[in-house]
Amino acid sequence: MTPATRQEVLGLYRKVLQIARNWQSASGQIEETMREKEYIRNEARTLFRKNKNVTDPKLIKQCIEECEARIEIGLHYNIPYPRPIHLPPMGLAHKQGRTLRHQEKLRKISKPIYLKSHDEVS
């Protein structure tokens, strides 16, 4: 990891922790605010620790883009949790064969960048 990339990643981590410190839930209830603050901190710790040994520049760039997207979406919608995606059900494919594999591949490709690591952690 280059020093510039390292500084960018550490800056993102600090930004996420600062957002968690200043977070207010949409409902304004203290219990919900505390729960959401804790979720933000735990999610950041988990994902940054999981990816601390990543050395591939393309993968690092993808992780940075995911982090920035999740920050922007969280601040915009005032929801710390990843936004759900709506993909068509896999009921059209047979339970085996090339059609199912092709449809699974399409679903994986169509997953938004802000959800790439969510399924791995949750």
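The rules behind each value
- Residues numbered from 1 in each chain as written.
- Predicted model: local features only at pLDDT ≥ 70, side-chain atom pairs only at ≥ 80, totals over all residues.
- Heavy atoms only, no water.
- UniProt positions renumbered as here; feature names shortened; annotations may be inferred.
- Helix = DSSP H or I, 4+ residues; strand = E, 2+ residues; numbered from the N terminus.
- Expected span 1.5 Å × (residues − 1).
- Buried < 20%, exposed > 50% of the residue type's maximum accessible area, 1.4 Å probe, protein only.
- Axes fitted to C-alpha atoms, helices over the stretch in contact; angles between N-to-C directions.
- Parallel < 35°, antiparallel > 145°, perpendicular 65-115°, else oblique.
- Left-handed = near helix turned anticlockwise from the far one by under 90°.
- Contact = heavy atoms within 4.5 Å.
- Nonpolar A, V, L, I, M, F, W, Y, C, P; charged D, E, K, R; others polar.

Per an unreviewed UniProt entry, the protein chain carries the name LYRM1 protein and comes from Gymnorhina tibicen. Quoted verbatim from the Sequence similarities (unreviewed entry) heading of the UniProt record, the comment on the protein chain is "Belongs to the complex I LYR family."

Asker: Tell me about helix H3 (residues 57-77), residues and numbers included.
Answerer: Between its terminal C-alpha atoms H3 stretches 30 Å, which fits the 30 Å expected from 21 residues at 1.5 Å a residue. Turning to H3, its buried residues are Ile 60, Ile 64, Glu 66, Cys 67, Ala 69, Arg 70, Ile 71, Ile 73 and Gly 74.

Asker: So what about the packing of helix H1 (residues 3-22) against helix H2 (residues 30-50)? Which residues, and what values?
Answerer: Axis separation between H1 and H2 bottoms out at 8 Å; the angle between their running directions is 165 degrees. Between H1 and H2, the interaxial angle falls into the category roughly antiparallel. Classified by chirality, the crossing of H2 by H1 is left-handed. Contact residues: H1 offers Val 9, Leu 12, Tyr 13, Val 16, Leu 17, Ala 20 and Arg 21, while H2 offers Lys 37, Ile 40, Arg 41, Ala 44, Arg 45 and Phe 48. When grouped by side-chain class, the residues that make up the contact of H1 with H2 number 9 nonpolar, no polar and 4 charged.

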